[in-house]
Amino acid sequence: QQQVKQSPQSLIVQKGGIPIINCAYENTAFDYFPWYQQFPGKGPALLIAIRPDVSEKKEGRFTISFNKSAKQFSLHIMDSQPGDSATYFCAASRQIGNQFYFGTGTSLTVIP
Amino acid sequence: DGGITQSPKYLFRKEGQNVTLSCEQNLNHDAMYWYRQDPGQGLRLIYYSQIVNDFQKGDIAEGYSVSREKKESFPLTGTSAQKNPTAFYLCASSPRATGNTIYFGEGSWLTVV
C-alpha cells in the first residue's frame, strides 16, 4: 500500500514556467513533509520541508503548499530553469518510529 | 568532510553470489536506513536501524541482511535468495531516533549478471 501518492510521473515545462508536483497522504499521524531533489546517479538531496502547522513555506524559488484538511501538499518551482531538471520526491514521516514514506517520484524536464 | 559514504559506487556480481554494500556516516546520526531504487517505483525501504545493535525490516527485506555493530556503520548484504537484485541502493541517516529529517548517501549501483 502506497502511503504517499505522487503525481504526475513526469513533467515537461518551458524555461520560466511553474511546474507543480502534487502529493497526497492518508495517515493523519504524519507530521513532517519534505521534498527531495535527485539528479541522475546521485542520492536525493533535501530541498525544502514543511510541518502541518503552516499552509505554505518558501525557500528561494521553491514553495510548498500544504492543505491539512485535504491531506495534500504540493511543490511549486517558480521561474524554472534547465538546471532544475531532475527527479523530485515527496515524503512524509512521523516523529514516533522515525519512518519515512516516499512518493514514486516525478521526473521534471525544463526546456531552454 | 561530514557526510554519508557508500562504497563501492559500482559493483558487478554473478547471479547467486552474495554481495555487501558499505555505508559509513560521520554525522553522529542515531538512525540509519537502506533503500532500493528501481525506475518508476520510487524508494523502497529494505532495513532501518534506530540504535546500535537493533534493526527492523522494511517493506522489501527478503533476501537482504544488515548489521549495526557501530553507530557509524550499517552494511547491507544481498544474499543469493534475493531475486532481481540489480538496482540503485541508497543508504541514509537521520539525526535522532525519533523525528527529524533524513539524509542520503550518493548511492551504489549493483548489477547482477
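Everything discussed here concerns the structure shown above.
If you're wondering where the values come from, they're calculated on a predicted model, not measured in any experiment.

Peer 1: Would you mind showing me how to read the sheet that holds strand β7 (residues 62–67) of chain A here?
Peer 2: What holds strands together in a sheet is hydrogen bonding between their backbones, with the strands either parallel or antiparallel. Residues and elements named next belong to chain A. If you trace the 5 strands from one edge of the open sheet to the other, you get β1-β3-β8-β7-β6, paired in antiparallel fashion. The open sheet has two edge strands with one neighbour each: β1 (4–7) and β6 (56–59). Strand after strand, the sheet turns through a mean of 15° between neighbouring axes, direction not considered. With 5 bridges joining them, strand β3 (residues 20–25) and strand β8 (residues 72–77) adopt antiparallel strand pairing. Looking at the pairing, I20 lines up with H76 of β8.

Peer 1: I'm lost on the sheet that holds strand β7 (residues 64–66) of chain B in this one. Help?
Peer 2: All names here are of chain B. Strand order in the open sheet made by the 4 strands is β1-β3-β8-β7, with antiparallel pairing throughout. In the strand order of this sheet, the two ends are held by β1 (4–7) and β7, each with one partner. Ignoring which end each strand starts from, the neighbouring axes of this sheet average 20° apart. Sheet topology note: the strand β3 (residues 19–25)/strand β8 (residues 76–78) ladder contains 3 bridges and is antiparallel. Each bridged residue has a counterpart across the sheet, and for L21 the counterpart in β8 is L76.

Peer 1: Whenever I open this one, the pairing of strand β5 (residues 45–50) of chain A confuses me. Can you help?
Peer 2: Successive residues of a regular strand alternate their side chains across the two faces of the sheet. All names here are of chain A. Relative to β5, strand β4 (residues 33–38) runs antiparallel, the two sharing 5 bridges. From the neighbouring strand, Q37 faces β5, where its bridge partner is A45. Adjacent in sequence and paired antiparallel, β4 and β5 are bridged by 6 residues, among which G41 carries a positive phi angle near 75°.

Rules used in this analysis
Residues numbered from 1 in each chain as written. Chains lettered and ligands numbered in written order. Predicted model: local features only at pLDDT ≥ 70, side-chain atom pairs only at ≥ 80, totals over all residues. Heavy atoms only, no water. Pairing = 2+ DSSP bridges. Helix = DSSP H or I, 4+ residues; strand = E, 2+ residues; numbered from the N terminus. Axes fitted to C-alpha atoms, helices over the stretch in contact; angles between N-to-C directions.

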